[in-house]
Amino acid sequence: MENKEIARVLSETADLMEIAADNGFAIRSYRNGATAVEGNPERIEDILRDPARKITDLPGIGKGLAQAIGEIVTTGSCERRDQLLEKFPPTALEFLKIQGLGPKSIALIFEHYRISTIDELERLCQEQKLRELPRMGAKLEEKVLRSIAQYRQHSGRYLLSYAAAMAAELGDLLSSTPGVDSVTPAGSLRRGRETVGDLDLLVTGPAPTAALDRFVAYSRVSEVLGHGENKASAKVGHEGLQVDVRALAPESYGAAMQYFTGSKDHNVAIRQRAVKLGLKLSEYGLFRVADEVKIAGETEEGIYQALGLPWIPPELRENTGEIEAAEAGSLPELVELSQIKGDLHMHTTESDGRGTLEEMAEAARARGYEYIAITDHSKALSMTNGLDEKRVVAFAQRVREVNALGLGIRVFSGLECDILKDGAMDISEDALAELDLVIGSIHSHMNQESAEMTDRLLRALQSPSLRIIGHPTGRILLQREPFPFDFERIAAEAVRRGVWLEINSSPERLDLHGTLIRAARAKGASFTISTDSHHPKQLANMRYGVTTARRGWLGPQHILNTRGAEEFARALQSKS
Ligand code: DGT
Ligand code: CA
Ligand code: CA
Ligand code: ZN
């Protein structure tokens, strides 16, 4: 179990304790424990396995908490959490995900109305009954209704990175089954959607059915939903991700790949095209209607070819113009991970990162990059120990020295400078001018109205040092919607000012996303793809940013960090 998962269960327990009005000391100890576990550089599970060590030696972890952590690692829950879940409906944890409701309000609602579902909570708001409780009013009812709608949209979906890790895990498990040649993910994961509803795996080979038996017997399967001859479905892992595994004969593998990759809208359009050509397309193959002869099915390429089209990359299969482009021979040449030559957004121990400059540089060098930019936070984010002017200037100097010594990779001095409430930069222009690369990001006052937010970004764009807008919409997947602003206007102004837009590869952000990338590109925008890493390991998230860029139809020519170090350095100096 990863530290992050343990920390999540601990803080959930603390939330439940707060609903139960447990004593403040105990609640704080769970909360501090969660922070300590999440921030611990080493895996807690590894420490627990080592008989020579004790996790009570870690700061913030006492005896009671250590026991709870042990339980969590072995069972996924702990005694205190289980007790609380008996006292409150299991939906209590869902209620906590509704914005606007803290543990105290939830306790009050449970006590007064004895409800247990989100539907009932919704009804309470619609019937204006929430306002009868102390400190609750019409405004809160509205807010709760809005966030219930959002919650419904999000629930049951998983981050792309989570689904990808599960696909890799199951791929390893199933591909070693005798009779199985290959295991490939299809569905939204293959298309690179930022969130995934369920995981679709396709298995083929001379005897693929054996993989289904192995799948349902897997230790991490919590519930088998179905197990037939050609398909098995089950919930896997702590978070109950549904996985559909299909066993396929090699002669229809391509047809099944095409069908189960989707999207549904893409498939509908492709099937209509087949019909016009006197053909019928199914998950088994492409058939002539007249004599039912199968003319394609073994490969996806074969199917698209028989329909008079080049193969279409999965990231484009959303029926948003890709079929027309394929027909016209104008499909874009999409950027690939191997074309990325540097990472331009990362944090170090100077602010809230967990690796030093040298460690980040070494990890980037090991990935084969030519350059990186180190971009720690600025002083407005005081809880991250963000840099003030003096430290910015000293940091720029330090990077010059580091480069003179040589780390085997070129380092650009950068900063993720906060864009303040009114659009001013958090750091003076004199200090910013010392740096090679300034990213401007919004981390506060994110609930401004659209007009105010647009003005704020317009003002930030006036900063002569600003080079990149970081995670431009501020969204956090499954948690926070993008903040509203006039996106096209900002994209156009960024072009005019020579400012690039970031595609942030952090799996929780993937910001900008495909649709907005295309809208910005239509205005002439240029992009960077960066990981926003806070740990050397996170540099590997670049693949998700590249996938996202591909969903935005971008080629390497649109992305600054596909350029070599020299060419990139020249581009940095070219800002008018
Ligand atoms: P998800 O799981 O919500 O993230 O999205 P998908 O795209 O993976 O959807 P899923 O798992 O329901 O189905 C996988 C693919 O199978 C889908 O992208 C297209 C195909 N498919 C499923 N049901 C239908 C259908 O009723 N008609 C058509 N044309 N295709 C379907
Ligand atoms: Ca799916
Ligand atoms: Ca599915
Ligand atoms: Zn940021």
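### Let's talk about the pattern of salt bridges
- This model, assessed by the stated rule, comprises 36 salt bridges.
- Of the charged contacts in the structure, one is a salt bridge between Glu45 and Arg49, with a shortest N-O distance of 2.6 Å. Residue Glu45 and its partner Arg49 are located together in helix 3 (residues 44-49), separated by 4 residues, close to a single helical turn.
- Judged by relative accessible area, which is 60%, Arg49 ranks as exposed.
- As a salt-bridge pair, Arg459 and Asp422 come within 3.2 Å of each other at their nearest N and O atoms. With Arg459 in helix 20 (residues 450-461) and Asp422 in the loop between strand 13 (410-418) and helix 19 (429-432), the pair connects residues that are 37 residues apart, well separated along the chain.
- A network of salt bridges, in which partner residues are shared, links Glu2, Arg43, Glu45 and Arg49.

### As for the coordination of the calcium ion (ligand 2)
- For the calcium ion (ligand 2), the full set of protein donor atoms is Asp198 (O), Asp198 (OD) and Asp200 (OD), at a range of 2.2 to 2.5 Å.
- The coordination sphere of the calcium ion (ligand 2) comprises 6 donor atoms, whose angles at the metal cover 70 to 166 degrees; the geometry is irregular.
- Judged by relative accessible area, which is 11%, Asp200 ranks as buried.

### Considerations on the domain arrangement of the chain
- Examined at the domain level, the chain breaks down into domain 1 (3-154), domain 2 (158-248), domain 3 (254-327) and domain 4 (337-574).
- Here the C-alpha centroids of domain 2 and domain 3 sit 24 Å apart.
- Taken together, the 9 residues of domain 2 in the interface contact 12 residues of domain 3.
- In this assembly, domain 2 packs against domain 3 so that about 920 Å² is buried in total across both faces, 61% of it on carbon and sulfur atoms.
- Considering only the side of domain 2, the residues that lose the most area to domain 3 are Arg190, Arg191 and Leu202, jointly responsible for 67% of the buried surface there.
- Seen at the junction of domain 2 and domain 3, the total is 2 salt bridges.
- For Arg190, the salt bridge identified is with Glu300, shortest N-O distance 2.9 Å.

### Structural notes on the nonpolar core
- Formed by 59 residues in total, the largest nonpolar core has its most connected members in Phe487, Leu501 and Phe527.
- By size, the runner-up hydrophobic cluster in this structure holds 51 residues, among which are Val9, Ile72, Leu84 and Ile115.

### Looking at the packing of aromatic side chains
- This structure, assessed with the given rule, holds 10 aromatic pairs.
- Between Tyr259 and Phe260, the ring centres sit 4.8 Å apart and the planes meet at 80 degrees, which makes this aromatic pair edge-to-face.
- Judged by relative accessible area, Phe260 falls into the buried class, the value being 13%.
- In textbook terms, an aromatic cluster arises when at least three aromatic residues are bridged by ring pairs, as seen for Tyr371, Phe412, Trp500 and Phe568.
- Positioned above the aromatic ring of Phe260, the side-chain terminus of Arg246 is 3.9 Å from the ring centre.
- Stacked on the ring of Trp553, the Lys or Arg Arg518 has its end atom at 3.9 Å from the ring centre.

### A short note on the coordination of the calcium ion (ligand 3)
- Listed as protein donors to the calcium ion (ligand 3) are Asp198 (OD), Asp198 (OD), Asp200 (OD) and Asp244 (OD); their distances from the metal cover 2.2 to 2.7 Å.
- The motif formed by the donor residues of the calcium ion (ligand 3), counted along the single chain, is D-x1-D-x43-D.
- The metal-metal distance between the calcium ion (ligand 3) and the calcium ion (ligand 2) is 3.7 Å, with Asp198 coordinating both. Here Asp244 lies in strand 7 (residues 241-248) and Asp198 lies in the loop between strand 3 (195-196) and strand 4 (199-204), a separation of 46 residues in the sequence.
- Judged by relative accessible area, Asp198 falls into the partly exposed class, the value being 25%.
- Note on Asp244: relative accessible area 5%, which makes it buried.

### So, the site of ligand 1
- Residues in contact with ligand 1 amount to 16 residues; listed here are only the nearest, Arg157, Ser188, Arg191, Gly197 and Asp198.
- A distance of 2.5 Å separates an oxygen atom of ligand 1 from a polar atom in the side chain of Ser188.
- In isolation ligand 1 has 590 Å² of accessible area, and contact with the protein removes 72% of it.
- Of all the secondary structure elements, the ones that give two or more residues to the shell around ligand 1 are helix 11 (187-191), helix 13 (253-261) and helix 14 (264-276).
- Considering only residue class, the shell around ligand 1 consists of 3 nonpolar, 7 polar and 6 charged.
- There are two domains that each give the shell around ligand 1 at least three residues, and those are domain 2 (158-248) and domain 3 (254-327).

### Regarding unusual backbone geometry
- Cis peptide bonds are those with omega within 30 degrees of zero, and the linkage from Gly262 to Ser263 qualifies with -5 degrees.
- Look at the link from Asp511 to Leu512: it is a cis peptide, with omega at 5 degrees.
- In this structure, Leu478 is a non-glycine residue whose phi angle is positive, near 65 degrees.
- Within the element layout of this structure, Leu478 appears in the loop between strand 15 (466-469) and helix 21 (487-497).
- One non-glycine residue with positive phi stands out, namely Trp553, at about 65 degrees.
- When you line up the elements, Trp553 lands in the loop between helix 23 (542-551) and helix 24 (565-573).
- On the accessibility criterion, Trp553 (16% relative accessible area) is buried.

So, how was this worked out
Counting restarts for each chain, with residues numbered from 1 along the sequence as it is written. Think of it this way: whatever chain is written first is A, whatever ligand is written first is 1, and the rest follow in order. Local features in this predicted model are restricted to residues whose pLDDT is 70 or higher, and side-chain atom pairs enter the listing and the counts only when it is 80 or higher, whereas totals over whole chains, interfaces and linings include all residues. Just so you know, side-chain values use all the structure's heavy atoms and leave hydrogens and water out. Note on definitions: salt bridges are taken to be side-chain nitrogens of Lys or Arg within 4 Å of carboxyl oxygens of Asp or Glu. Strands are runs of DSSP state E lasting at least 2 residues, helices are runs of H or I lasting at least 4, and numbering of each runs from the N terminus. Only protein chains enter the calculation, and the probe is 1.4 Å; a residue is then buried if its accessible area is under 20% of its type maximum, exposed if over 50%, and partly exposed in between. Coordinating donors are taken as N, O and S atoms within 2.8 Å of the metal, stretched to 3.2 Å for Na, K and Ca; because water is absent from the atoms, sites can appear incomplete. Working rule for geometry: tetrahedral if four donors all subtend angles between 85 and 135 degrees; square planar for four, octahedral for six, if opposite donors exceed 155 degrees and the others stay between 65 and 115; irregular in every other situation. The domain boundaries here were taken from an automatic or database domain assignment. Every residue pair with non-hydrogen atoms within 4.5 Å of one another is taken to be in contact. Reported buried area values correspond to the accessible surface (1.4 Å probe) lost by two parts on association, with both partners' losses combined. Here, the term nonpolar core denotes a set of buried Ala, Val, Leu, Ile, Met, Phe, Trp, Tyr and Cys residues that are joined through side-chain atoms within 4.5 Å. Working definition: a ring pair exists when centres of Phe, Tyr or Trp rings (six-membered ring for Trp) sit within 6.5 Å. Plane angles under 30 degrees give stacked, over 60 give edge-to-face, the rest tilted. Comment: the charge-over-ring label is applied if NZ (Lys) or CZ (Arg) is within 6 Å of the ring centre and within 35 degrees of the ring normal. Throughout, the term near means that a residue has one or more heavy atoms lying within 4 Å of the molecule or strand in question. Polar contacts, as counted here, are pairs of nitrogen or oxygen atoms within 3.5 Å of one another; within protein the pair requires one atom able to donate a hydrogen and one able to accept it, and residues that are adjacent in sequence qualify only if both atoms are side-chain atoms. The protein chains shown are the only cover counted for residues, whose accessible areas, like all others here, come from Shrake-Rupley with a 1.4 Å probe. Note on residue classes: Ala, Val, Leu, Ile, Met, Phe, Trp, Tyr, Cys and Pro are nonpolar, Asp, Glu, Lys and Arg are charged, and everything else, Gly too, is polar.

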